[in-house]
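An overview of the molecular structure
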Amino acid sequence: MEQKKFELAEITISFSTKVKVKPKIRRSHDVYDLLKQIYDDEKVELREEFIVLYLTRAQEVLGFQRLAVGGATSVIVDIRHILATALKANAIGFILSHNHPSGSLSPSPEDRKLTRSLVKAAEFHELKVFDHVIYTRHGYYSFADESEDTLQSEK
């Protein structure tokens, strides 16, 4: 019998949910209503957070991921984690969200650049970025509602 030269770890991929009724996204206000349940209003004006909602083909929400928590003016987003989670959950796409502690609803140049990068990376994996929503306690900004070209493919 041949002796093993290396011991290898087995990689397994699985996803399961106990949620029976998934919320359906029809418009950006549906997203905002869901985000109100996820963001902590006690901290939304204190630090930036980045949250991703993963969707089915029928635009039902499979679940959310609190991807990163940052400081007062920024949060670091790892695109690979978003894509890996979407693929693991067998999502067709996702909705990006982050808050602005300042309360500003205007996307920054960095917000637009990140969105463009995610659209490009998602497209390569046959995933779709449906929207990017900037959340505040008093309202929201939807890239999709504003017909942001950052959500469009560069084909």
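Details of the structure are given in the entry above.
Report on the accompanying structure. (Residues numbered from 1 in each chain as written. Predicted model: local features only at pLDDT ≥ 70, side-chain atom pairs only at ≥ 80, totals over all residues. Heavy atoms only, no water.)

Considerations on the overall build of the protein
Formally: Labels follow the DSSP assignment, with helices taken as runs of H or I lasting at least four residues and strands as runs of E lasting at least two, numbered in each case from the N terminus. Exposed residues in this analysis have more than 50% of their type's maximum accessible area, buried residues have under 20%, and partly exposed residues fall in between, with area computed by a 1.4 Å probe over protein chains only. Contacts are assigned to residue pairs that have any heavy atoms within 4.5 Å of one another. Here the accessible surface of atoms and residues is derived via Shrake-Rupley with a 1.4 Å probe, and residues count as covered only by protein chains that are part of the display. All tallies of charge rest on Lys and Arg as positive and Asp and Glu as negative; His and the ends of each chain are not included. Working definition for charges: the position is that of NZ of Lys, CZ of Arg, CG of Asp or CD of Glu.
Within the protein one finds three helices and five strands. In sequence order, the secondary structure elements of the protein are arranged as α-β-β-α-β-α-β-β. In terms of overall dimensions, the protein has C-alpha extents of about 70 × 40 × 35 Å along its principal axes. By the burial criterion, 42% of the 155 residues in the protein qualify as buried. Contacts in the protein between residues at least 24 apart in sequence constitute 68% of all its contacts with a sequence separation of at least 6. Put simply, the protein shows about 10200 Å² of open surface, and 50% of that area lies on carbon and sulfur atoms. Taking the 22 positively charged and 23 negatively charged side chains of the protein as two groups, their mean positions are separated by 5 Å.

Observations regarding helix α1 (residues 28-38)
For α1, the set of buried residues is Ser28, Asp30, Val31, Tyr32, Leu34, Leu35 and Ile38. Summarising the contacts, the buried residues of α1 are in contact with β1 (49-55), β2 (61-69), β3 (93-99), β4 (128-136) and β5 (139-142).

Here we look at the packing of helix α2 (residues 79-88) against helix α3 (residues 109-124)
Stated formally: A fitted line through C-alpha atoms serves as each axis, taken over the contacting stretch for helices, and the angle formed by two N-to-C directions is quoted from 0 to 180°. Oblique is the label for every angle not falling under 35 degrees (roughly parallel), over 145 degrees (roughly antiparallel), or within 65 to 115 degrees (roughly perpendicular). Each crossing is labelled by how the near helix is turned from the far one, with a counterclockwise turn of less than a right angle marking it left-handed and a clockwise turn marking it right-handed.
In the contact formed by α2 and α3, the axes pass within 11 Å of each other and the chain directions differ by 40 degrees. Accordingly, the angle class assigned to the pair α2 and α3 is oblique. Our pair here, α2 against α3, has a crossing hand that is right-handed. Between α2, through Ile79, Ile82 and Leu83, and α3, the contact on the second element is made entirely by Leu114, Ser117, Leu118, Ala121 and Ala122.

Considerations on α3
Our working rule: What a helix is expected to span follows from its residue count: subtract one and scale by 1.5 Å.
Over its 16 residues, α3 extends 23 Å from the first C-alpha to the last, a length consistent with the 22 Å expected when each residue adds 1.5 Å. If you check which residues of α3 are buried, you get Asp111, Leu114, Thr115, Leu118, Val119, Ala121 and Ala122. Residue Glu126 follows α3 closely and has a positive phi angle near 60 degrees.

Focus: the nonpolar core
Rule in force here: In plain words, nonpolar cores are sets of buried Ala, Val, Leu, Ile, Met, Phe, Trp, Tyr and Cys residues tied together by side-chain atoms within 4.5 Å.
Ranked by size, the top nonpolar core spans 26 residues in total, and within it Phe50, Ile82, Phe94, Leu96 and Val129 carry the most contacts. Elements with a contribution of two residues or more to this core: β1, β2, α2, β3, α3 and β4. At five residues, the largest contribution of residues to this core is made by α3. If we ignore the near neighbours within four places in the chain, the residues touching Val129 are Phe94, Leu96, Leu118, Val119, Ala122 and Leu151. With 16 residues, the next largest nonpolar core counts Leu34, Tyr39, Val44 and Ile51 among its residues.

Thoughts on the side chain of Thr56
Within the secondary structure, Thr56 sits in the loop between β1 and β2. Residue classification places Thr56 among the buried residues on the basis of a relative accessible area of 16%. If we skip the residues at most four places from it in the chain, Thr56 touches Leu62 and Ile92.

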